[in-house]
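Listed here are the chains, written in short residue letters.
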Amino acid sequence: MAATDIARQVGEGCRTVPLAGHVGFDSLPDQLVNKSVSQGFCFNILCVGETGLGKSTLMDTLFNTKFEGEPATHTQPGVQLRSNTYDLQESNVGLKLTIVSTVGFGDQINKEDSYKPIVEFIDAQFEAYLQEELKIRRVLHTYHDSRIHACLYFIAPTGHSLKSLDLVTMKKLDSKVNIIPIIAKSDAISKSELTKFKIKITSELVSNGVQIYQFPTDDESVAEINGTMNAHLPFAVIGSTEELKIGNKMMKARQYPWGTVQVENEAHCDFVKLREMLIRVNMEDLREQTHTRHYELYRRCKLEEMGFKDTDPDSKPFSLQETYEAKRNEFLGELQKKEEEMRQMFVQRVKEKEAELKEAEKELHEKFDRLKKLHQDEKKKLEDKKKSLDDEVNAFKQRKTAAELLQSQGSQAGGSQTLKRDKEKKKYLHPPWLSKHWPTWLPHQSPALQSVVFPGPQSHSPFSEGSKRRYLMSFPLASSLALSSYDSLKVTALKLCEKSATSLFTPSPAHKTRLLEKTA
């Protein structure tokens, strides 16, 4: 039997039984309060608005403290969310407050995607809580809940209407967070303009289908005050951390040349109404709405995307195990189908690749054959050229050998003719009669005189013409003849030698000695 059927039967058979005395379970609310106080509370606020609208100042004024933080500039390239967590203590109740501010919101020229970082941040907090819930061993009682409980949307006090950026952003956030619109720096416009501006904002929100947070009226204890405060939305607020002395009291106010604006004076602004509704009356309802409405919507959509459903097609309830098994079978079927598709695709790609490789191989073979034929043709041409060069070299060597043979024969013939000419010349220059009368020492001891008397080729004479002249002049005969030229002396010497070689060139002993010394 299913658990739901058992619960239904128990509910139908339940009856009221009176107690005879005090039991003690009436202390359960006190137990719950004590446990909650010991554990503490957490509250997360998201401040959305353009830079310079006083978001940080309003937070300091709301919680009557000074939160540390860096001032934002208008030079941010995109929207960034800055989160800061603070531990606050009031009486014996502890509060872990997280303030998330949108840095650079509305400062870009293109504001089309300014809301996306905010939506992604809210979804990320929901996803973190869902993952903690789905764990086998959960520690939700110690888990720091970072889900956004309230979104204070700051509207610039233009006095005309909402900007398109404001409408688009609130439309994207109304299903994810509790939106409380407020008019920042409301002292910038007059009372009449402020009233018209509130009416204009409310009508634009309704016409565009933006769902803002409505204070609950189902609880009788707060129904009246919440109903009254719903009519004052959006709240026109002023923030200030400066205290001025007004009368006998120090109050938060803003000093202007024309007067003083009191932050906590309901005649000047709606700051007190905002603080009452946000913190003192409806803080727990904001936390509950975040968990039961916005988080449950996200959780349901997320689980449906994962394949989990409450009922089957026959409207029968599904258990978690059945849903898991069905989803697992579906996933395995899809995985098998994808695996088969990938296998077929792989086979197809392999075939295509094989065809490409075969085609490439065929082209390579054709190219190889073409290059091989070209190589053979080039090799044949080179062999023909080598053969012709070898023939030319052999012919040249034959001609060279023939030329050397002719040259050697010619040199031999020339040598014999030269010897014959030398013999004839010697016979002419050295007649037999002269060798009988010529002193044997003269050809060996005086080569200069021999070269004069028997002139030969100039190249064979070891003496110059001047040496020959000086040598002949050393003889008494040459000096006595007093010839004017060396050539005439040579002619005279030859003629005299022919007539009487012995008497002409026979030197005296003293002259012979002197001649030998000079020759040595």
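Computed from a predicted structure; not experimentally measured.

Conventions and cut-offs
- Residues numbered from 1 in each chain as written.
- Predicted model: local features only at pLDDT ≥ 70, side-chain atom pairs only at ≥ 80, totals over all residues.
- Heavy atoms only, no water.
- Core = buried A, V, L, I, M, F, W, Y, C linked by side-chain atoms within 4.5 Å.
- Buried < 20%, exposed > 50% of the residue type's maximum accessible area, 1.4 Å probe, protein only.
- Helix = DSSP H or I, 4+ residues; strand = E, 2+ residues; numbered from the N terminus.
- Contact = heavy atoms within 4.5 Å.
- Phe/Tyr/Trp six-rings, centres within 6.5 Å; stacked < 30°, edge-to-face > 60°.
- Axes fitted to C-alpha atoms, helices over the stretch in contact; angles between N-to-C directions.
- Parallel < 35°, antiparallel > 145°, perpendicular 65-115°, else oblique.
- Left-handed = near helix turned anticlockwise from the far one by under 90°.
- Nonpolar A, V, L, I, M, F, W, Y, C, P; charged D, E, K, R; others polar.
- Pairing = 2+ DSSP bridges.
- Patch = residues over 30% accessible without salt bridge, like charges linked within 9 Å, V, L, I, M, F, W, Y side chains within 5 Å.
- Areas by Shrake-Rupley, 256 points an atom, 1.4 Å probe, with all protein chains shown as cover.
- Salt bridge = Lys/Arg side-chain N within 4 Å of Asp/Glu carboxyl O.
- Lys, Arg positive; Asp, Glu negative; His and termini not counted.
- Charge placed at Lys NZ, Arg CZ, Asp CG, Glu CD.

1. What about the nonpolar core?
Formed by 71 residues in total, the largest nonpolar core has its most connected members in F43, I45, L152, I182, F235, L274 and L278. The greatest single-element share of this core, amounting to seven residues, is contributed by helix α4 (residues 116–133). Discounting chain neighbours no more than four positions away, the residues touching I182 are L58, L152, Y153, F154, I155, P234, F235, V237 and L274.

2. Thoughts on the packing of aromatic side chains
Within this structure, the stated rule accounts for ten aromatic pairs. Aromatic pair F105 and Y153: ring centres 6.5 Å apart, planes at 85°, arrangement edge-to-face. Taken together, the residues span a long stretch of sequence, with F105 in the loop between β3 (93–103) and α4 and Y153 in strand β4 (residues 150–155) at a distance of 48 residues. Judged by relative accessible area, Y153 falls into the buried class, the value being 0%. Among the aromatic residues, ring-to-ring pairing joins F126, Y129, Y143, Y295 and Y298 into one connected group.

3. Thoughts on the packing of α4 against helix α5 (residues 164–173)
In the contact formed by α4 and α5, the axes pass within 10 Å of each other and the chain directions differ by 15°. Taken as axis vectors, α4 and α5 run roughly parallel relative to one another. Between α4 and α5 the crossing geometry is right-handed. Along the contact surface, α4 presents I118, V119 and I122, while α5 presents T169, K172 and L173. A per-class count over the contact of α4 with α5 returns four nonpolar, one polar and one charged.

4. Quick look at the sheet that holds strand β8 (residues 249–256)
Taken together, three strands build an open sheet; the order of strands is β7-β8-β9 and the sheet is antiparallel. With one partner strand each, in any of the chains shown, β7 (243–246) and β9 (259–262) form the two edges of the open sheet. Each strand axis lies, on average, 65° off the axis of its neighbour in the sheet, ignoring direction.

5. A look at a negative patch on the surface
On the surface, D218, D219, E220 and E288 cluster together to form a negatively charged patch. Residue position: E220 is located in helix α7 (residues 220–230).

6. Let's talk about the sheet that holds β3
Spatially, β2-β3-β1-β4-β5-β6 is the arrangement adopted by the six strands of the open sheet, whose pairing is mixed. Two strands lie at the open edges of the sheet, namely β2 (80–90) and β6 (235–236), each paired on one side alone. Sheet topology note: the β4/strand β5 (residues 179–183) ladder contains five bridges and is parallel. Residue pairing in the sheet places Y153 in a bridge with P181 of β5. The strands touched by helix α6 (residues 191–207) are β4, β5 and β6; relative to β5, the strand with the most contacts, the crossing angle is about 155°.

7. Let's talk about a nonpolar patch on the surface
Together, L19, V23, F25 and L28 make up a nonpolar patch on the protein surface, roughly 440 Å² of accessible area in all. Topologically, L28 is positioned in helix α2 (residues 28–39).

8. Some thoughts on the side chain of N226
Within the secondary structure, N226 sits in helix α7. A relative accessible area of 0% places N226 in the buried class. Residues in contact with N226, not counting those within four places in the same chain, are F215, P216, T217, M277, V281 and N282.

9. Some words on unusual backbone geometry
Negative phi is the rule for most residues except glycine; trans is the rule for most peptide bonds. Between L233 and P234 the backbone carries a cis peptide bond, its omega angle lying at -5°. Along the chain, P234 falls in the loop between α7 and β6. The phi torsion at S91 lies on the positive side, around 55°, for a residue other than glycine. Position of S91 relative to the elements: it lies in the loop between β2 and β3. Positive phi is not limited to glycine here, since K185 has a value of about 50°. Position of K185 among the secondary structure elements: in the loop between β5 and α6.

10. Structural notes on the pairing of β2
Across eleven bridges, β2 lies against β3 in antiparallel orientation. Bridging from a neighbouring strand, S83 pairs with V100 of β3. Between β2 and the antiparallel strand that follows it, β3, lie two residues; S91 among them carries a positive phi value of about 55°.

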